[in-house]
Amino acid sequence: MTKKKIAVCSGSFDPITYGHIDIIERASRIFDVVYVCVSHNQTKKGLFTPDERVELIEETISHIDNTKVDKHEGLLIDFCKKVDADAIVRGLRAVSDFEYEMQMASMNRKLAENIETLFIMTNNKYSFISSSIAKDVAKHHGKISDVVPPVVEEALVVKFKTLES
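1. Points about the overall build of the protein chain
Helix and strand counts for the protein chain come out as 6 helices and 5 strands. Reading the secondary structure of the protein chain in the N-to-C direction produces β-α-β-α-β-α-β-α-β-α-α. The C-alpha atoms of the protein chain give a radius of gyration of 16 Å, which matches the 15 Å a tight globule of 165 residues would have. Dimensions of the protein chain, computed from the C-alpha atoms along their principal axes, are close to 50 × 35 × 30 Å. Counting only residues that meet the buried cut, the protein chain has 46% of its 165 residues in that class. Partitioning the intrachain contacts of the protein chain with sequence separation of at least 6 by distance along the chain shows that 76% fall at a separation of at least 24. Of the roughly 9800 Å² of accessible surface on the protein chain, a fraction of 53% belongs to carbon and sulfur atoms. Across the protein chain, the centroid of the 22 positively charged side chains sits 2 Å from that of the 25 negatively charged ones.

See the structure below:
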């Protein structure tokens, strides 16, 4: 029996956007199994807890049969080894993303040279989307229905109402 090809799409996903979903869908057509890994980013202050993010991701990608959602603290490469991943898939929105992503890919390659990093260019219609922008617009009651799925938009509205109280 041939080993399944396994990829990991990681990020803070705070919250998941249509841009993230596009990358996950496209990766799911290339790999047999795609793990969506909520990673802890120490440089970002999270709005949603890791468990809330996992729940939102599970709801928004439930239509993609070959995905699994998990969370991880620590080195992404350790998570990749745990799930026997062949590759890390990263989305690139702009040239400005590339420098950081190249550094991370180089370090991951040094830590585990058998795990490849693949970059998928974001669909042009999502190139301006980021979780930070979605949160900022939602915080100021702007329209984000074309940026995040309805369940995420609702969660943002509830979260900001709670924080305002």
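2. With respect to the layout of surface pockets
The computed volume of the largest pocket comes to approximately 1300 Å³. Lining the largest pocket are 45 residues, with Ser10, Gly11, Ser12, Lys44 and Arg90 positioned closest to its centre. Sorting the residues of the lining of the largest pocket by element identifies β1 (6-11), α1 (18-28), α2 (50-60), β4 (87-92), α4 (95-111) and α5 (131-139) as the ones contributing at least two each. Sorting elements by how many residues they give to the lining of the largest pocket places α4 first, with 8 residues. Here the lining of the largest pocket is built from residues that sort into 17 nonpolar, 19 polar and 9 charged.

3. Topic: the pairing of strand β5 (residues 116-121)
Where β4 lies against β5, 6 bridges are found, and the strand directions are parallel. Within β5, the residue paired with Ala87 across the bridge is Glu116. Taking the sense of rotation as the criterion, the β-α-β connection linking β4, α4 and β5 turns out right-handed.

4. Some words on the packing of aromatic side chains
Across all of its chains, the model carries 2 aromatic pairs by this definition. Ring geometry for Tyr35 versus Phe79: centroids 5.9 Å apart, planes at 80°, classification edge-to-face. Note that Tyr35 is positioned in strand β2 (residues 33-39) and Phe79 in helix α3 (residues 76-82), a separation of 44 residues in sequence. Considered together, Tyr35 and Phe79 belong to a single accessibility category, that of buried residues.

5. Some points on unusual backbone geometry
Of the consecutive residues Asp14 and Pro15, the connecting peptide bond is found in the cis state with omega at 5°. Within the fold, Pro15 resides in the loop between β1 and α1. With phi around 60°, Asp84 is a residue other than glycine that occupies positive phi space. Secondary-structure assignment places Asp84 in the loop between α3 and β4. Given a relative accessible area of 45%, Asp84 falls into the partly exposed group.

6. Quick notes on the pattern of salt bridges
Tallied over the full model, the rule gives 11 salt bridges. Asp51 serves as the salt-bridge partner of Lys71, at 2.2 Å between the closest nitrogen and oxygen. Taken together, the residues span a long stretch of sequence, with Lys71 in strand β3 (residues 67-72) and Asp51 in helix α2 at a distance of 20 residues. As a salt-bridge pair, Glu52 and Lys159 come within 3.0 Å of each other at their nearest N and O atoms. One end of the pair, Glu52, is in helix α2; the other, Lys159, is in helix α6 (residues 150-164), and 107 residues separate them in sequence. The class of Lys159 is buried, set by a relative accessible area of 18%. Each of the salt bridges in this network shares a partner with another, and the network as a whole consists of Lys3, Asp84 and Asp86.

Criteria and thresholds
Residues numbered from 1 in each chain as written. Predicted model: local features only at pLDDT ≥ 70, side-chain atom pairs only at ≥ 80, totals over all residues. Heavy atoms only, no water. Helix = DSSP H or I, 4+ residues; strand = E, 2+ residues; numbered from the N terminus. Rg over C-alpha atoms; globule rule 2.2 N^0.38 Å. Buried < 20%, exposed > 50% of the residue type's maximum accessible area, 1.4 Å probe, protein only. Contact = heavy atoms within 4.5 Å. Areas by Shrake-Rupley, 256 points an atom, 1.4 Å probe, with all protein chains shown as cover. Lys, Arg positive; Asp, Glu negative; His and termini not counted. Charge placed at Lys NZ, Arg CZ, Asp CG, Glu CD. 1 Å grid on protein atoms, 1.4 Å probe; cavity = no way out; pocket = protein on both sides within 12 Å on 5 of 7 lines; lining within 4 Å. Points joined across faces, edges and corners; volume = space filled by probe spheres on them. Nonpolar A, V, L, I, M, F, W, Y, C, P; charged D, E, K, R; others polar. Pairing = 2+ DSSP bridges. Right-handed = clockwise from strand over helix to strand, strands pointing away. Phe/Tyr/Trp six-rings, centres within 6.5 Å; stacked < 30°, edge-to-face > 60°. Salt bridge = Lys/Arg side-chain N within 4 Å of Asp/Glu carboxyl O.

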